[in-house]
Amino acid sequence: MRKPFIAGNWKMYKTAAEAESFAEEFKKLYEPSDVRVAIAAPFTQLWALKKAFEGTGIGLAAQNMHWEDQGAFTGEVSAPMLKEIGVDYCIIGHSERRQYFNETDETVNRKVLKALEAGILPILCCGESLETRDAGDQNAFVEAQIRADFAGVAAEDAKKVTVAYEPIWAIGTGRTASPEQAQDMCGFIREVLKDIYSEDISEEITIQYGGSVKPANASDLMNQDDIDGALVGGASLKPADFIEIIHF
Ligand code: PGA
């Protein structure tokens, strides 16, 4: 039985002071339930949030990492560095990183493998552009991403990966995919995972939808068979909105 998993992606928002005041407010509203919750914050805010969330069950995520343990890679942060301060998850291959920072399925795959080796749970993002959807090529596009991004990931490790389907045209645009569109793709992703691994493994993998998830649309999306959670950008910045989504 897959447990719902809602993760907030703060992107490049919130200073340390803002993150701490979010945590104070959020902790007052948050009640543990059978919904898994995590927040992906900028690197500089992770340590403070780790301390703020101690003992609450709220998970902590980074938004990116390098695929090497260490080295001459100015400006990068590695998986062991994140693990050391208690980071649980890392978003890998978000479309903004693919688009603005030249991430490819090859680097995304290396990062997924390294995260798993370091004991960090990947939240692996995939999703097509509007152009690709308008051309009707979205399934082939996302299938190629999934196959490339999971290359070399053993079956036992695949279960630890959360896949976040985030159509680029729905991110930050207010134009959410309809529950049917989101379900169609998340169901298709599960079929691809079944083909790569097995039915049992594919049934255990958590698949989130992301792209303009708000309190008003969260429950319709979450009620779909193959949608096990959400990756929430803008609406995770306000404690009350994020709490409402968690209580979908
Ligand atoms: P959004 O972002 O909820 O603001 O559309 C989602 C994401 O990019 O993860």
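Residues numbered from 1 in each chain as written. Predicted model: local features only at pLDDT ≥ 70, side-chain atom pairs only at ≥ 80, totals over all residues. Heavy atoms only, no water.

Engineer: How should I be thinking about the pattern of salt bridges in this particular structure?
Structural biologist: Side chains bearing opposite charge may pair, as long as their charged atoms lie close to each other. Inspection of every chain in the model, using the stated rule, returns 19 salt bridges. Glu103 serves as the salt-bridge partner of Arg97, at 2.7 Å between the closest nitrogen and oxygen. When salt bridges that share partners are traced, they join Arg2, Arg190, Glu203, Asp226 and Asp228 into one network. (Salt bridge = Lys/Arg side-chain N within 4 Å of Asp/Glu carboxyl O.)

Engineer: How should I be thinking about the site of the ligand in this particular structure?
Structural biologist: Around the ligand, the structure places 13 residues, and the nearest of them are Lys11, His94, Glu166, Gly172 and Ser212. Within the backbone of Gly234, a nitrogen or oxygen atom sits 2.9 Å from an oxygen atom of the ligand. Relative to its unbound accessible area of 280 Å², the ligand is 96% covered by the protein chains. (Near = heavy atom within 4 Å. Polar contact = N/O pair within 3.5 Å; in protein donor to acceptor, adjacent residues only side chain to side chain. Areas by Shrake-Rupley, 256 points an atom, 1.4 Å probe, with all protein chains shown as cover.)

Engineer: What exactly am I supposed to notice about the packing of aromatic side chains here?
Structural biologist: A ring pair, where both rings are aromatic, is described by two values, the distance of the centres and the angle of the planes. Counting across every chain of the model gives 8 aromatic pairs. Taking 6.0 Å as the distance between ring centres and 70 degrees as the angle between the ring planes, the aromatic pair formed by Phe150 and Tyr197 counts as edge-to-face. Of this pair, Phe150 sits in the loop between helix H7 (138–149) and helix H8 (155–158) while Tyr197 sits in the loop between helix H9 (179–196) and helix H10 (199–204), placing them 47 residues apart in sequence. Just as Phe150 is buried, Tyr197 falls in that class too. Taken together, Trp10, Phe22, Phe26, Tyr30, Phe53 and Phe242 form an aromatic cluster joined through their ring pairs. Above the plane of the ring of Phe5 lies Arg36, whose end atom (NZ or CZ) is 4.1 Å from the centre. (Phe/Tyr/Trp six-rings, centres within 6.5 Å; stacked < 30°, edge-to-face > 60°. Helix = DSSP H or I, 4+ residues; strand = E, 2+ residues; numbered from the N terminus. Buried < 20%, exposed > 50% of the residue type's maximum accessible area, 1.4 Å probe, protein only. Lys NZ or Arg CZ within 6 Å of the ring centre and 35° of its normal.)

Engineer: Sorry if this is basic, but what is going on with the sheet that holds strand S2 (residues 36–40) here?
Structural biologist: To summarise the sheet geometry, strands pair through backbone hydrogen bonds and adopt either a parallel or an antiparallel arrangement. With respect to topology, 8 strands assemble into a closed barrel ordered S1-S2-S3-S4-S5-S6-S7-S8, the strand pairing being parallel. For this sheet, the mean inter-axis angle between neighbouring strands, taken without regard to orientation, is 25 degrees. Contacts from helix H5 (residues 105–118) reach strand S4 (89–92) and strand S5 (121–126) within the one sheet, and its direction differs from that of S5 by about 160 degrees. (Pairing = 2+ DSSP bridges. Axes fitted to C-alpha atoms, helices over the stretch in contact; angles between N-to-C directions. Contact = heavy atoms within 4.5 Å.)

Engineer: Any chance you could explain the pairing of S5 here in plain terms?
Structural biologist: Regular strands place side chains that alternate from one sheet face to the opposite one. The buried count for S5 comes to 5 of 6 residues, which makes it a mostly enclosed element. Note: S4 against S5, 4 bridges, orientation parallel. The residue of S5 that forms the bridge with Cys90 is Pro122. Direction of pairing for S5 relative to strand S6 (residues 162–165): parallel, over a ladder of 4 bridges. Within S6, the position partnered with Ile123 by the bridge is Thr162.

These figures come from the coordinates and say nothing about function on their own.
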